[in-house]
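Coordinates in review
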Amino acid sequence: MAKLTMTVNGKTVSAEAEGRTLLSSFLREGLGMTGTHVGCDTSQCGACVVHVDGQAVKSCTVLAHDVAGADVRTIEGMANPDGSLGKIQQAFQDHHGLQCGFCTPGMVMSAAALLAENPKPTEAEVRHHLEGNICRCTGYHNIVKAVLAASGQDVSKIAAE
Amino acid sequence: MHNFDFVKPSTIAEAVKALSDGDAQALSGGQTLLPSMKQRLAAPGTLVSLTGIAEMKGVCKGDGGLHIGAATPHAVVAREAAAHYPALAALAGGIGDPAVRSRGTIGGSIANNDPAACYPAAVLASGATVVTNKRQIAADDYFQGMFTTALEEGEIVIEVRFPIPQKAAYVKFNQPASRFALTGVFVAKFGDGVRVAVTGASNNGVFRWTEGEKALSSSFSADAVKGLSVDPAEMISDLHGTPEYRAHLVKVLTGRAVAQANG
Ligand SMILES: Cc1cc2nc3c(=O)[nH]c(=O)nc-3n(C[C@H](O)[C@H](O)[C@H](O)COP(=O)(O)OP(=O)(O)OC[C@H]3O[C@@H](n4cnc5c(N)ncnc54)[C@H](O)[C@@H]3O)c2cc1C
Ligand code: FES
Ligand code: FES
């Protein structure tokens, strides 16, 4: 066990962690932040995506100690300061971008990384960017629509509802 | 995953020293190693992270081509190699998905030498040089069959140096579940000839399709390989494709890569 410090959603946090502790376990078990979901634990599904220094990563496939000192952002950091849903989260709600919600934390974090880099993506770019995020419920159309809506684009002509 | 000691040196010298212990293993992006440790296929006593070594990161123009630090993530190569070697940047930008590209590195990819990985095709087709802490290895000598390379115990890749071809393209036929290449072909045209490297297809890992190279060196057009056939004898057989299917893909993808390189 060794002490580990990083910034999570703007706050400095410290906890003891073994060398093998995954970033996903550190967040969920070490810090009690269970918003980050673990779907597959084999780097396939993207439910565990968080940002490390602004980059989307699968937190089940990153060692917590390897990102010591980093600036980590999770789904808990996506709400507005007053606790209301952030822009991407609200768009997912408005456009039915979730059903069971299991994949949603990863979807929102991947979408946020895309919009930071490409503020007005095309539908094809959104689909390409979300390739590593698997959803078993929605069939993706409404997720793509939500991301396009969150980017401020008109989605009224996109068919799926 | 079995527990281990985690160390994160900031220089190559410290990393090499830490790796001289027989029970230690290098960790780069972890996109292959961590899943195999979870399955207990690997269980090092010490894990030596290479991600904190500044001298192993970055893309720069250097002697005879483009130098890429071994610990440079795919996403950075996709961005920073684009102006110098677009085919290489496009290959890096097509690996896995964005989260894999944030962490996975060129050094980890070519050290692992997965038979379906993309980078080995670029390294071999470009005739790149693999620079380690001990020596420089020509791509033709570096890849020695699937999951096998010329690297010795404790030796690490520091940098890869790519000569920049006049024209090049990589075409990958996706295996949609894994996002690796079912078959991928990298074609590179230099002043003195064409090199064609194939990944994903052979039981022997990445290889050069010399017959295709010969035909393309005399005429760099998609038609030049049309009349050739690829021997399926050494090709991979799995539920995604037969050896004959992969052999056929080699030819088809080579033609597409040439057409793309000719723009
Ligand atoms: C969902 C998914 C999809 C993927 N899709 C693709 C794809 O389409 N194409 C593709 O090419 N790859 C793909 N990959 C693989 C990925 O891109 C990485 O390249 C690969 O995992 C290895 O790089 P790494 O930096 O993660 O290495 P690690 O996992 O850290 O290490 C891999 C091996 O190399 C050794 N090693 C690492 N760095 C060095 C070094 N500098 N010197 C010597 N030895 C070293 C380690 O000890 C280990 O044995 C995918 C991975 C995932 C999880
Ligand atoms: S839980 Fe990390 S990718 Fe599925
Ligand atoms: S909403 Fe259920 S998995 Fe995506």
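The shown structure was predicted, so the numbers you read here are calculated from the model rather than taken from an experiment.

We now examine the overall build of chain B. A count of helices and strands for chain B gives ten helices and twelve strands. Taking 2.2 N^0.38 as the reference for a compact globule, 263 residues should give roughly 18 Å; the C-alpha atoms of chain B span a radius of gyration of 18 Å, in line with that estimate. With respect to the three principal axes, the spread of C-alpha positions in chain B is 55 × 40 × 30 Å. In chain B, which comprises 263 residues, the share counted as buried stands at 57%. Across chain B, contacts joining residues at least 24 apart in sequence account for 58% of those joining residues at least 6 apart. Element-wise, carbon and sulfur atoms account for 50% of the exposed surface of chain B, whose accessible area totals about 10,700 Å². Averaging the positions of the 23 positive and the 23 negative side-chain charges in chain B gives two centres separated by 8 Å.

Within chain A, the regular secondary structure consists of five helices and five strands. Written out in order from the N terminus, the α and β elements of chain A read β-β-α-β-β-β-α-α-α-α. Radius of gyration (C-alpha) of chain A: 16 Å, near the 15 Å computed for a compact globule of 161 residues. Expressed along its principal axes, the backbone C-alpha trace of chain A runs to roughly 55 × 30 × 25 Å. Residue burial in chain A is summarised as follows: out of 161 residues, 53% are buried.

For the rest of this paragraph, the subject is the interface of chain B and chain A. Counting from both sides, the interface comprises 28 residues of chain B and, opposite them, 23 residues of chain A. At the boundary of chain B with chain A, total buried surface from both sides reaches about 2,000 Å², with 52% on carbon and sulfur atoms. Three residues stand out in chain B for area buried against chain A, namely B:Lys38, B:Arg103 and B:Arg179, and they jointly supply 25% of the buried area on that side. Between A:Asp66 and B:Arg103 there is a salt bridge, with the nearest N and O atoms lying 3.2 Å from each other. Here chain B and chain A share 13 residue pairs in polar contact (both at pLDDT 80 or more) between them. Looking at the side of chain B that touches chain A, the elements with two or more residues in it are helix H2 (33-38), strand E3 (46-49) and helix H5 (98-103) of chain B. For the side of chain B that touches chain A, the element with the highest residue contribution is H5(B), accounting for six residues. Each residue belonging to the side of chain B that touches chain A can be placed in one class, and the counts come to eleven nonpolar, eleven polar and six charged.

Let's shift gears to the site of ligand 1. Around ligand 1, the surrounding shell holds 34 residues, and the nearest of these are B:Ala26, B:Thr32, B:Thr105, B:Cys118 and B:Arg179. Each of chains A and B places residues near ligand 1. At a separation of 2.8 Å, an oxygen atom of ligand 1 approaches a polar backbone atom of B:Gly29. Here B:Gly96 contributes a backbone N or O atom positioned 3.1 Å from an oxygen atom of ligand 1. In isolation ligand 1 offers 970 Å² of accessible surface; the protein chains occlude 94% of this area.

So, on to the sheet that holds strand E11 (residues 193-199) of chain B. Residue and element names in this part refer to chain B. In spatial order, the strands read E9-E10-E11-E12; together these four strands make up an open sheet with antiparallel pairing. Two strands bound the open sheet, and with one partner strand each, they are strand E9 (167-174) and strand E12 (207-208). Direction of pairing for strand E10 (residues 181-190) relative to E11: antiparallel, over a ladder of seven bridges. Bridge assignment links Ala-188 to a residue of E11, and that residue is Arg-195. Set on the sheet, helix H10 (residues 243-261) makes contact with E9, E10 and E11; between it and E10 the angle comes to about 40°.

For the rest of this paragraph, the subject is helix H3 (residues 104-117) of chain A. All names here are of chain A. Taking 1.5 Å of rise per residue, 14 residues should cover 20 Å, and H3 covers 20 Å from first to last C-alpha, within 8% of that figure. The buried fraction of H3 is high, at twelve of 14 residues. For H3, the set of buried residues is Thr-104, Pro-105, Gly-106, Met-107, Val-108, Met-109, Ser-110, Ala-111, Ala-112, Ala-113, Leu-114 and Leu-115.

Residue and element names in this part refer to chain B. One ladder, built from four bridges, connects strand E2 (residues 24-27) with E3; its direction is parallel. Opposite Ala-24, over in E3, you have Thr-46 as the bridge partner. For the segment spanning E2, H2 and E3, crossover handedness is right-handed.

Another aspect to go through is the domain arrangement of chain A. All names here are of chain A. Considered domain by domain, chain A is made up of domain 1 (2-78) and domain 2 (87-150). Distance between the C-alpha centres of domain 1 and domain 2: 21 Å. Residue-level contacts link 17 residues of domain 1 with 14 residues of domain 2. Buried area between domain 1 and domain 2, summed over both chains or domains, comes out near 1,200 Å², and the portion from carbon and sulfur atoms is 66%. Considering only the surface of domain 1 that becomes buried against domain 2, His-37, Ile-75 and Met-78 emerge as the three largest contributors, covering 40% of it. Seen at the junction of domain 1 and domain 2, the total is zero salt bridges. Connecting domain 1 to domain 2 are six residue pairs in polar contact (both at pLDDT 80 or more).

Conventions and cut-offs
Residues numbered from 1 in each chain as written. Chains lettered and ligands numbered in written order. Predicted model: local features only at pLDDT ≥ 70, side-chain atom pairs only at ≥ 80, totals over all residues. Heavy atoms only, no water. Helix = DSSP H or I, 4+ residues; strand = E, 2+ residues; numbered from the N terminus. Rg over C-alpha atoms; globule rule 2.2 N^0.38 Å. Buried < 20%, exposed > 50% of the residue type's maximum accessible area, 1.4 Å probe, protein only. Contact = heavy atoms within 4.5 Å. Areas by Shrake-Rupley, 256 points an atom, 1.4 Å probe, with all protein chains shown as cover. Lys, Arg positive; Asp, Glu negative; His and termini not counted. Charge placed at Lys NZ, Arg CZ, Asp CG, Glu CD. Buried area = accessible area lost by both parts, 1.4 Å probe. Salt bridge = Lys/Arg side-chain N within 4 Å of Asp/Glu carboxyl O. Polar contact = N/O pair within 3.5 Å; in protein donor to acceptor, adjacent residues only side chain to side chain. Nonpolar A, V, L, I, M, F, W, Y, C, P; charged D, E, K, R; others polar. Near = heavy atom within 4 Å. Pairing = 2+ DSSP bridges. Axes fitted to C-alpha atoms, helices over the stretch in contact; angles between N-to-C directions. Expected span 1.5 Å × (residues − 1). Right-handed = clockwise from strand over helix to strand, strands pointing away. Domains from an automatic or database assignment.

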